[in-house]
Amino acid sequence: MDTDTPSVLIVEAEPDLAELYASWLEGAYHVETVRDESAVGAVVDGGFDVVIVDCHRLPDGPSSELCDSISSRGIDSQVVAVTGVEPTVDPEDAAFDDYLLKPISRDDLRHSVENLLLRRTYDEQLGAYFELASKKASLDGRLSEAELQSSQEYAELEDRIAVLRTKVNETRSQLLERDHNRLLYQDVSSAPD
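About the criteria used
- Residues numbered from 1 in each chain as written.
- Predicted model: local features only at pLDDT ≥ 70, side-chain atom pairs only at ≥ 80, totals over all residues.
- Heavy atoms only, no water.
- Phe/Tyr/Trp six-rings, centres within 6.5 Å; stacked < 30°, edge-to-face > 60°.
- Helix = DSSP H or I, 4+ residues; strand = E, 2+ residues; numbered from the N terminus.
- Buried < 20%, exposed > 50% of the residue type's maximum accessible area, 1.4 Å probe, protein only.
- Pairing = 2+ DSSP bridges.
- Axes fitted to C-alpha atoms, helices over the stretch in contact; angles between N-to-C directions.
- Contact = heavy atoms within 4.5 Å.
- Patch = residues over 30% accessible without salt bridge, like charges linked within 9 Å, V, L, I, M, F, W, Y side chains within 5 Å.
- Areas by Shrake-Rupley, 256 points an atom, 1.4 Å probe, with all protein chains shown as cover.
- Salt bridge = Lys/Arg side-chain N within 4 Å of Asp/Glu carboxyl O.
- Lys, Arg positive; Asp, Glu negative; His and termini not counted.
- Charge placed at Lys NZ, Arg CZ, Asp CG, Glu CD.

A. Summary view of the packing of aromatic side chains. Scanning the entire structure with this criterion turns up two aromatic pairs. Ring geometry for Y21 against W24: centres 5.7 Å apart, planes inclined by 40°, an arrangement best described as tilted. In this pair, Y21 and W24 are both assigned in helix α1 (residues 15-25), three residues apart and thus about one turn of the helix distant. Here Y21 falls in the buried class, since its relative accessible area comes to 3%. Judged by its relative accessible area of 15%, W24 is buried. Ring geometry for Y129 against F130: centres 5.5 Å apart, planes inclined by 70°, an arrangement best described as edge-to-face. Its relative accessible area of 17% is what places Y129 among the buried residues. For F130, a relative accessible area of 52% gives the class exposed.

In structure tokens, the structure reads:
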């Protein structure tokens, strides 16, 4: 598997739907399909970036158990729940990162996967940015201005922070270009203190 190509696992009991979903994503992603909840093993072994689960249709039991299992094992996969009804779980306890109401379209599925991958990229970039900024703050507090100015490592750290800040801002802009994410951002930015 090409490690630069994001990977998607489709957990779907109906072979025709699994094949359809896979055809919508192939070319842009490495796609695999499984038909039952033995998918947890596939997720653990395969290290999939996104797992798409058809809720309430799997033969081995409730698919919410699959989502919970992925979450409880600390598996670093984004989960899309595909369902025919509005989820009734408390959003705080939801074991999925996004859900799609049936019938779904090719665009719905592709946008969901793209959004989750973009959000993951943003999270990773932001984490790396704060890690470097924390190191810089530590050095700023311990070294004199003259020591900072003469340090090649410090200059390289500042450069890395600047590059990462640009990447974070670009990814954030991409997220905000999408209507759904723009609404989420507006909710966060207008939340009361």
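B. A look at unusual backbone geometry. Here the bond from K102 into P103 is cis, since omega is -5°, no more than 30 degrees from zero. Tracing the backbone through its elements, the reader meets P103 in the loop between β5 (98-101) and α4 (106-142).

C. Spatial organisation of the sheet that holds strand β1 (residues 7-11). Strand order across the open sheet formed by five strands is β2-β1-β3-β4-β5, with parallel pairing between neighbours. The open sheet is flanked by β2 (30-34) and β5, the only strands paired with a single partner. Neighbour-to-neighbour, the strand axes of the sheet open up by a mean angle of 20°, direction not taken into account. Across the face of the sheet, α1 comes into contact with β1, β2, β3 (50-54) and β4 (78-83) while running at roughly 165° to β1.

D. Highlighting a negative patch on the surface. Taken together, the side chains of E153, E156, E158 and D159 define an acidic patch exposed on the protein surface. With respect to the helices and strands, D159 occurs in helix α6 (residues 152-177).

E. Highlighting the pairing of β4. Counting buried positions along β4 gives six out of six residues, so the element sits mostly inside the fold. Side chains of β4 alternate between two faces, with Q78, V80 and V82 and V79, A81 and T83 buried alike. Where β3 meets β4, five bridges bridge the pair, whose relative direction is parallel. Looking at the pairing, V53 lines up with A81 of β4. The sheet contact formed by β4 and β5 spans four bridges and is parallel. If you follow T83 over to β5, its bridge partner there is L101.

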